[in-house]
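Descriptive structure summary
What follows is the residue order along each chain.
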4 protein chains.
Amino acid sequence: MVIAGPCSVESERQILDAARQVEEAGAVILRGGAWKPRSSPYSFQGLGRPGLQLLAKARDETGLLICTEAMDHEGVAHVAEVADIIQIGARNMQNFSLLKAAGRSNKPVLLKRGMSATIEELLLSAEYLLAEGNHDVILCERGIRGFDPTTRNVFDLTAIPVVHKLSHLPIIADPSHGTGLREKVIPMARAAVAAGADGIIVEVHPHPDQALSDGAQSLYPDQFAQLMREIRVIAEVIGRRIAEPVSVGA
Amino acid sequence: MVIAGPCSVESERQILDAARQVEEAGAVILRGGAWKPRSSPYSFQGLGRPGLQLLAKARDETGLLICTEAMDHEGVAHVAEVADIIQIGARNMQNFSLLKAAGRSNKPVLLKRGMSATIEELLLSAEYLLAEGNHDVILCERGIRGFDPTTRNVFDLTAIPVVHKLSHLPIIADPSHGTGLREKVIPMARAAVAAGADGIIVEVHPHPDQALSDGAQSLYPDQFAQLMREIRVIAEVIGRRIAEPVSVGA
Amino acid sequence: MVIAGPCSVESERQILDAARQVEEAGAVILRGGAWKPRSSPYSFQGLGRPGLQLLAKARDETGLLICTEAMDHEGVAHVAEVADIIQIGARNMQNFSLLKAAGRSNKPVLLKRGMSATIEELLLSAEYLLAEGNHDVILCERGIRGFDPTTRNVFDLTAIPVVHKLSHLPIIADPSHGTGLREKVIPMARAAVAAGADGIIVEVHPHPDQALSDGAQSLYPDQFAQLMREIRVIAEVIGRRIAEPVSVGA
Amino acid sequence: MVIAGPCSVESERQILDAARQVEEAGAVILRGGAWKPRSSPYSFQGLGRPGLQLLAKARDETGLLICTEAMDHEGVAHVAEVADIIQIGARNMQNFSLLKAAGRSNKPVLLKRGMSATIEELLLSAEYLLAEGNHDVILCERGIRGFDPTTRNVFDLTAIPVVHKLSHLPIIADPSHGTGLREKVIPMARAAVAAGADGIIVEVHPHPDQALSDGAQSLYPDQFAQLMREIRVIAEVIGRRIAEPVSVGA
């Protein structure tokens with residue numbers, strides 16, 4: 001399962017271009033934030049509901065499923081109308097009101113590991129979703145806080161076999177946030193697949209240098225296409241297969 | 001400024017006893033959670049709105065101000081009716097919807113540092129409150145995640161002089177969560193005051209061994225009284241004074 | 001380049017068995033400690049010089065090269081007589097006297113990253129070796145200290161592409177110490193190769209449950225053979241090849 | 001017990017000036033490195049044995065005891081000739097050959113906590129000294145590695161009551177390395193004393209802006225005098241007393 005797309009929905013042109021590019025390379029799910037949790041109130045906060053409409057349009061045009069983030073109880077209701085997967089971000093892993101609301105939606109939830117969450121805490125947060133009756137939970141390793149300024153986070157890939165041992169839930173990996181550096185995304189996406197990840201989520205932008213957020217860690221579309229070719233082979237080595245997009249006409 | 005009281009409001013008897021005990025020892029603000037953010041959905045989650053009513057009653061009986069936590073947008077409205085200070089917990093430091101709601105309330109906000117938040121991120125979260133027009137913000141160091149299993153957290157007291165240098169906002173310290181161990185609370189509360197903290201927030205329970213949450217880090221009432229005596233002298237050394245309670249009759 | 005063998009040299013039988021087993025599976029270098037840095041003075045400290053003699057014997061019998069650790073200036077002289085590669089352990093990454101001594105030996109040095117060393121500090125420690133004229137330096141990622149008790153360390157595989165970008169030095173990975181858990185070694189060794197590691201170093205013991213040190217993270221010989229098969233294919237995917245052992249008779 | 005002085009011995013003038021200044025303010029032990037463990041081989045490495053002679057001269061002139069660092073087995077022999085206390089630095093906390101050599105000297109040893117050492121590991125390293133028959137061991141908290149770039153380290157003062165509970169060994173604190181910032185040294189030294197530290201070790205330099213190492217965290221002599229005044233009062237609050245220098249003539 002490969003989820004790809006820009007950090008934020010920025011414009012119709014941007015999200016449609018991105019959707020076509022990642023679909024062409026073989027992704028089956030489009031990511032893109034309509035609401036963005038930003039450390040500073042003065043950073044770009046996302047387009048909000050109009051962003052959701054653009055995601056719906058991208059789905060109509062490409063057949064990709066949509067994965068986008070909800071930041072609060074109210075947001076879950078809006079996001080659930082459009083998204084095929086509701087994302088809960090790292091900063092909100094222990095936002096229990098949000099977890100309960102997402103648990104009551106009937107959409108699959110992508111739950112990202114908090115920046116300093118133990119695996120046990122990640123699984124307990126998933127339990128908040130399960131306890132509300134939502135069993136479609138996908139966990140995501142996206143890097144934990146570390147001391148080395150070279151990378152944005154420490155990408156803790158061992159979380160993948162650890163979760164596979166402790167839980168029946170699938171776990172995917174986010175090498176874009178995990179490393180924070182475009183040129184590290186390809187090797188670390190390969191590593192995630194080799195470690196047994198059930199999928200990856202990758203930031204891809206038609207023009208990373210013009211991105212309103214996370215440009216430095218977004219792949220160029222052709223880099224993403226190369227990454228897809230490499231992980232297809234690695235997946236096979238460990239007896240797995242990358243899910244293929246279903247064409248819209250099919 | 002000394003804030004003291006139990007982790008959670010558990011019963012009328014418990015919160016009124018606690019209130020009288022901390023008031024007698026010299027605290028001016030009563031803490032106690034009506035809603036509790038817990039890692040597991042199966043742990044005690046707090047009494048909810050009835051807990052708020054018990055806090056209001058404790059205020060009427062002792063004259064103490066009330067500090068209690070809001071966990072979401074809706075919670076802010078309820079808490080603001082009763083509390084004199086709205087607490088935002090460490091897990092919610094980057095719950096931006098909650099920050100905006102608290103910023104629009106007209107109550108002082110106690111903002112706790114996230115478990116792996118940098119000082120800059122703490123100040124940016126405060127900025128979300130300030131940007132909504134709420135200038136009564138009190139920051140709180142409560143320990144960051146560390147690698148040593150001996151203590152629950154690493155109590156990063158250097159945050160106090162660092163915040164004093166970078167910001168005009170006051171910062172208090174929470175040695176109960178900072179250490180997680182009852183017998184370490186007294187020395188570390190003294191250390192916080194010596195480092196220049198603008199206040200402390202301490203968990204005190206009439207019967208810590210019967211507490212429904214955080215019993216192991218809650219002081220016995222007589223330990224709290226001893227702590228108050230010690231920090232009064234240390235505060236004087238650095239030219240400060242512990243705020244005194246105003247008696248209800250006054 | 002695959003380095004494999006037990007944590008410590010324990011007996012002639014143990015090291016010769018291990019040597020034959022890892023050679024058969026395709027390793028080209030035998031690891032095994034004669035001196036062991038142990039947190040406690042009461043833990044097994046290694047056989048010392050007799051351990052070195054057993055390693056020499058294992059080389060004679062299998063043709064494997066020998067990689068073993070030196071813990072101080074004096075040790076470098078002894079180790080250099082027997083070893084083909086001198087290992088400097090994580091705890092000694094900033095033992096500058098040891099670095100200088102190893103830099104003056106004319107043997108390749110395997111330098112492990114310290115438990116909380118930044119990549120920059122690792123490269124500066126390598127610089128101590130280079131500055132003495134020793135240019136055969138191999139770096140090694142072996143896990144950094146983290147907060148999650150599930151694993152022994154956080155295996156920071158992103159260090160591999162980071163080092164490849166910043167330095168011309170090769171870097172290998174140690175999934176045994178990186179995870180501390182036998183069943184995580186295979187997926188994480190695959191991940192290391194997929195991330196571009198120039199080799200791996202793995203603990204393998206003929207009877208892990210009887211090991212005097214690190215038994216819980218040592219592979220059974222047949223697990224190691226499986227790992228070799230898997231990484232051969234992954235190496236090919238990224239255009240690399242696992243070095244093959246040269247038979248003794250050749 | 002207050003240990004003070006420059007990071008490194010740089011010249012006769014510098015060390016004698018520093019010695020007089022800290023003696024005048026009330027320190028009883030002079031610190032100053034003759035050999036300096038530096039991350040880079042190209043940084044100032046200390047004066048070596050001539051530095052030791054300058055320390056001996058400073059002792060003769062002021063009556064201060066001398067505390068200086070040994071970096072290896074050989075160094076212990078040299079340092080033991082001159083020093084009253086042998087320091088083992090944080091990077092060497094698990095340099096077991098050095099620990100054994102220092103354990104066989106008959107001088108008190110100041111053992112600094114490693115950058116990512118647990119308290120248990122610190123106590124086990126002390127055990128290496130005790131096991132050699134040296135019972136004069138002083139532990140030292142000097143900050144652990146953290147994720148916040150604002151400070152050089154995380155000064156983990158809770159280590160003080162934790163060590164007091166687990167061990168009979170005294171523990172002092174080093175606010176200079178603990179914070180890495182001159183203006184944070186005074187509040188954090190106060191905090192260390194309030195937390196119950198058995199002493200502090202502080203970097204003081206006659207001209208911090210000209211220091212060859214650690215200038216940014218070294219106090220000006222008059223700042224040190226102010227710090228001494230403040231901690232004398234705090235020590236009294238918790239029923240302790242700062243050791244007074246014995247004048248040379250006495």
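First, a word on scope: everything that follows refers to the structure included in this document. (Residues numbered from 1 in each chain as written. Chains lettered and ligands numbered in written order. Predicted model: local features only at pLDDT ≥ 70, side-chain atom pairs only at ≥ 80, totals over all residues. Heavy atoms only, no water.)

1. Some remarks on the overall build of chain A
Within chain A one finds nine helices and eight strands. Its C-alpha atoms give chain A a radius of gyration of 16 Å, near enough to 18 Å, the size a compact globule of 250 residues would have. Relative to its 250 residues, chain A shows a buried fraction of 66%. Of the roughly 8,400 Å² of accessible surface on chain A, 49% is carried by carbon and sulfur atoms. For chain A, the distance from the average position of its 25 positive side-chain charges to the average position of its 30 negative side-chain charges is 1 Å. (Helix = DSSP H or I, 4+ residues; strand = E, 2+ residues; numbered from the N terminus. Rg over C-alpha atoms; globule rule 2.2 N^0.38 Å. Buried < 20%, exposed > 50% of the residue type's maximum accessible area, 1.4 Å probe, protein only. Areas by Shrake-Rupley, 256 points an atom, 1.4 Å probe, with all protein chains shown as cover. Lys, Arg positive; Asp, Glu negative; His and termini not counted. Charge placed at Lys NZ, Arg CZ, Asp CG, Glu CD.)

2. Quick notes on the packing of helix H8 (residues 182-194) of chain B against helix H6 (residues 159-166) of chain D
At their nearest, the axes of H8 of chain B and H6 of chain D sit 9 Å apart, and the two run at 135 degrees to each other. What the angle tells us is that H8 of chain B and H6 of chain D run oblique. Like other packed secondary-structure pairs, H8 of chain B and H6 of chain D cross with a definite hand, here right-handed. Between H8 of chain B and H6 of chain D, the residues in contact are Glu183, Lys184, Pro187 and Met188 of chain B and Pro161, Val162 and Lys165 of chain D, respectively. Looking at the contact of H8 of chain B with H6 of chain D residue by residue, the class counts come to four nonpolar, no polar and three charged. (Axes fitted to C-alpha atoms, helices over the stretch in contact; angles between N-to-C directions. Parallel < 35°, antiparallel > 145°, perpendicular 65-115°, else oblique. Left-handed = near helix turned anticlockwise from the far one by under 90°. Contact = heavy atoms within 4.5 Å. Nonpolar A, V, L, I, M, F, W, Y, C, P; charged D, E, K, R; others polar.)

3. As for the state of the cysteines
Evaluated as defined, the whole model comprises zero disulfides over all chains. Looking at cysteine 7 of chain B, it has no disulfide partner, and the nearest cysteine sulfur is the one in cysteine 67 of chain B, 12 Å off. Residue cysteine 67 of chain C stays outside any disulfide, its sulfur separated by 8.9 Å from that of cysteine 140 of chain C, the closest cysteine. Under the relative-accessibility criterion, cysteine 67 of chain C is labelled buried at 1%. (Disulfide = S-S within 2.5 Å.)

4. A word on the pattern of salt bridges
Overall, the coordinates contain 72 salt bridges over all chains when judged by the stated rule. A salt bridge links arginine 59 of chain D to aspartate 84 of chain D, with the shortest nitrogen-to-oxygen separation between them at 3.0 Å. In this pair, arginine 59 of chain D sits in helix H2 (residues 49-62) while aspartate 84 of chain D sits in the loop between helix H3 (73-82) and strand E4 (85-88), placing the two residues 25 residues apart along the sequence. Relative accessible area serves as the criterion here: at 21%, aspartate 84 of chain D is assigned to the partly exposed category. Via salt bridges that share partners, Arg13, Asp17, Arg20 and Glu61 of chain A belong to a single interconnected network. (Salt bridge = Lys/Arg side-chain N within 4 Å of Asp/Glu carboxyl O.)

5. Section: the interface of chain D and chain C
Taken together, the contact pairs 27 residues of chain D with 27 residues of chain C. At the junction of chain D and chain C, the tally comes to two salt bridges. Among the ionic pairs, arginine 145 of chain C bridges to glutamate 121 of chain D, the shortest N-O distance being 2.7 Å. Summed over the shared surface of chain D and chain C, the result is 17 residue pairs in polar contact (both at pLDDT 80 or more). Elements with a contribution of two residues or more to the side of chain D that touches chain C: helix H4 (96-104) and helix H5 (119-131) of chain D. Broken down by element, the side of chain D that touches chain C gets its largest block of residues, six residues, from H5 of chain D. (Polar contact = N/O pair within 3.5 Å; in protein donor to acceptor, adjacent residues only side chain to side chain.)

6. Brief notes about unusual backbone geometry
Residue and element names in this part refer to chain C. With phi around 60 degrees, aspartate 214 is a residue other than glycine that occupies positive phi space. Position of aspartate 214 among the secondary structure elements: in the loop between strand E8 (200-203) and helix H9 (221-237). Classification of aspartate 214 as buried rests on a relative accessible area of 19%.

7. Examining the relation of the copies chain D and chain C
Superposition of the two copies of the chain requires a rotation about an axis and a shift along the axis. The transformation that overlays chain D on chain C combines an axial shift of 0.0 Å with a rotation of 180 degrees, and the residual RMSD is 0.0 Å. Seen this way, the second copy is the image of the first under a two-fold rotation axis. Considering only C-alpha atoms, the residue of chain D closest to the rotation axis is serine 116 of chain D, which sits at 3.0 Å. Both copies share a contact surface, since 100% of the interface residues of chain D are interface residues in chain C too. (Least-squares fit on C-alpha atoms with pLDDT ≥ 70 in both.)

8. Quick look at helix H6 (residues 159-166) of chain C
Side chains of residues three or four places apart in an α-helix project in the same direction, reflecting 3.6 residues per turn. Where H6 of chain C is concerned, the buried positions are Ala159, Ile160, Pro161, Val162 and Val163 of chain C. Contacts made by the buried residues of H6 of chain C are with helix H8 (182-194) of chain A together with helix H5 (119-131), strand E6 (137-141), strand E7 (171-173) and helix H8 (182-194) of chain C.

9. What to know about the interface of chain A and chain C
With 35 residues of chain A at the interface, the matching set in chain C holds 35 residues. Between chain A and chain C, the buried area comes to about 2,700 Å², and carbon and sulfur atoms account for 73% of it. Contact with chain C buries surface across chain A, with Phe147, Thr158 and Val237 of chain A losing the most and accounting together for 20% of the total. Our count for the chain A to chain C interface comes out at four salt bridges. Here lysine 165 of chain A makes a salt bridge to glutamate 183 of chain C, at a shortest N to O gap of 3.1 Å. Counting every contact that joins chain A to chain C gives six residue pairs in polar contact (both at pLDDT 80 or more). For the side of chain A that touches chain C, the elements supplying multiple residues, two or more each, are helix H6 (159-166), H8 and helix H9 (221-237) of chain A. Top element by residues in the side of chain A that touches chain C is H8 of chain A. It accounts for seven residues. Looking at side-chain class alone, the side of chain A that touches chain C contains 20 nonpolar, seven polar and eight charged residues. (Buried area = accessible area lost by both parts, 1.4 Å probe.)

10. Focus on the packing of helix H4 (residues 96-104) of chain A against helix H5 (residues 119-131) of chain A
Residues and elements named next belong to chain A. Where H4 contacts H5, the axes come no closer than 7 Å and their chain directions differ by 45 degrees. Comparing their axes, H5 and H4 come out oblique. In the crossing of H4 with H5, the sense of the turn from one axis to the other is right-handed. Facing Phe96, Leu99, Lys100, Ala102 and Gly103 of H4, the residues of H5 in contact are Ser125, Tyr128 and Leu129. Grouping the amino acids of the contact of H4 with H5 by side-chain chemistry returns five nonpolar, two polar and one charged.

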